[in-house]
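Spelled out from the first residue to the last, the chains are:
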Amino acid sequence: MQYFPVFITAIFCLNTGIAQADDNNPAEQDGVTVGLASRYAPRYSGASDYYWNPLPVFQARQGAFFADTDKGIGYDLQVGGFYLEQTLGYSFGRTDSNSSWRDGSHRLQGMGTIDGALNTGIEIGWQFSDRLSVAAKAILPLTDSQGGQYQGSITDIFFKNQDDSLGFQASLLFGDARYNTLFYGVSSAQSQRSGYRAYRPGGGLYGQSLALFWTHQFDRSWAVSLIAGYTRLNDKVSDSPIVYRANQGDGTIAVTYRF
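Residues numbered from 1 in each chain as written. Predicted model: local features only at pLDDT ≥ 70, side-chain atom pairs only at ≥ 80, totals over all residues. Heavy atoms only, no water.

As annotated in an unreviewed UniProt entry, the chain is MltA-interacting MipA family protein from Musicola paradisiaca. Regarding the chain, the UniProt comment filed under Sequence similarities (unreviewed entry) reads as follows: "Belongs to the MipA/OmpV family." The annotation that UniProt attaches to the chain under Subcellular location (unreviewed entry) is "Cell outer membrane". (UniProt positions renumbered as here; feature names shortened; annotations may be inferred.)

Below, the structure is given as structure tokens:
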């Protein structure tokens, strides 16, 4: 999906929150988490057809430095309530045929492939407490001109005890003109090949998303997480001929083990 995924991040945040609640020891954040997730989601942002996608879950953290399957490698710094995170990751792009491991659908035949690209993510935020935070994030391509993605979000863990955490993340999704055109537009050449009418969206707000997540900790190592997501594409991109459904949902279940 071409929006900021929260399911793996939610798993790590909730597991860390439970660990800190156990003994309030920041060192509990260090270590390795591995697992397996299964996600039911649209084949691409705007698709009407869905598929199951198995996903590995991995995060290794030592102090401010980390590597995980969602963001890539990076570091985060916190001073008081303010925090800064920078990452180096990879976007897999999109294909014009059905794929079992990245965005794509046979309904996009003639649209061509959007190549993957190395990217950097920069996030700044303010953490009001261990449960409530707001953030702004940008993901910018480094090796290919995919355009920039931007997000403003609020995350709240509104219930937490020794075994369970329940929370949500609400986000506003933005793209520059290059990004919105690449993933939701149809050029003249693509129109001739695919049969879709030409369409060129401008940059700006293109959608909103909401994710609800719950994690149950069986012990200090084993946990299971459920995430339900909803995304609404607004008029800037929902009028695109390749957007079959502007309101989309997704769901993920994951089992993780923390060393």
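Okay, back to it.
Q: Could you clarify how one ought to interpret the environment of Asp-30 in this entry?
A: If you trace the backbone, Asp-30 turns up in the loop between helix H1 (7-23) and strand S1 (31-42). With a relative accessible area of 26%, Asp-30 lands in the partly exposed category. Once the C-alpha coordinates of Asp-30 and Arg-61 are considered, the two residues, 31 residues apart in sequence, prove to be 5.0 Å apart. Excluding residues that lie within four positions of it along the chain, Asp-30 makes contacts with Arg-61, Gln-62, Gly-63 and Arg-258. For Asp-30, the side chain forms a polar contact with the main-chain nitrogen of Gly-63, separated by 2.8 Å. (Helix = DSSP H or I, 4+ residues; strand = E, 2+ residues; numbered from the N terminus. Buried < 20%, exposed > 50% of the residue type's maximum accessible area, 1.4 Å probe, protein only. Contact = heavy atoms within 4.5 Å. Polar contact = N/O pair within 3.5 Å; in protein donor to acceptor, adjacent residues only side chain to side chain.)

Q: Which parts of the structure should I look at to understand the nonpolar core?
A: Soluble globular proteins: nonpolar side chains tend toward being buried together. In terms of nonpolar packing, the biggest core is built from 10 residues, these being Ile-114, Leu-173, Tyr-179, Leu-182, Phe-183, Tyr-184, Tyr-206, Leu-233, Val-237 and Val-243. Among the elements that make up this core, the one with the highest residue count is helix H2 (residues 177-184) (four residues). Grouped together as the second largest cluster of nonpolar side chains are seven residues, Tyr-44, Ala-47, Met-111 and Tyr-196 included. (Core = buried A, V, L, I, M, F, W, Y, C linked by side-chain atoms within 4.5 Å.)

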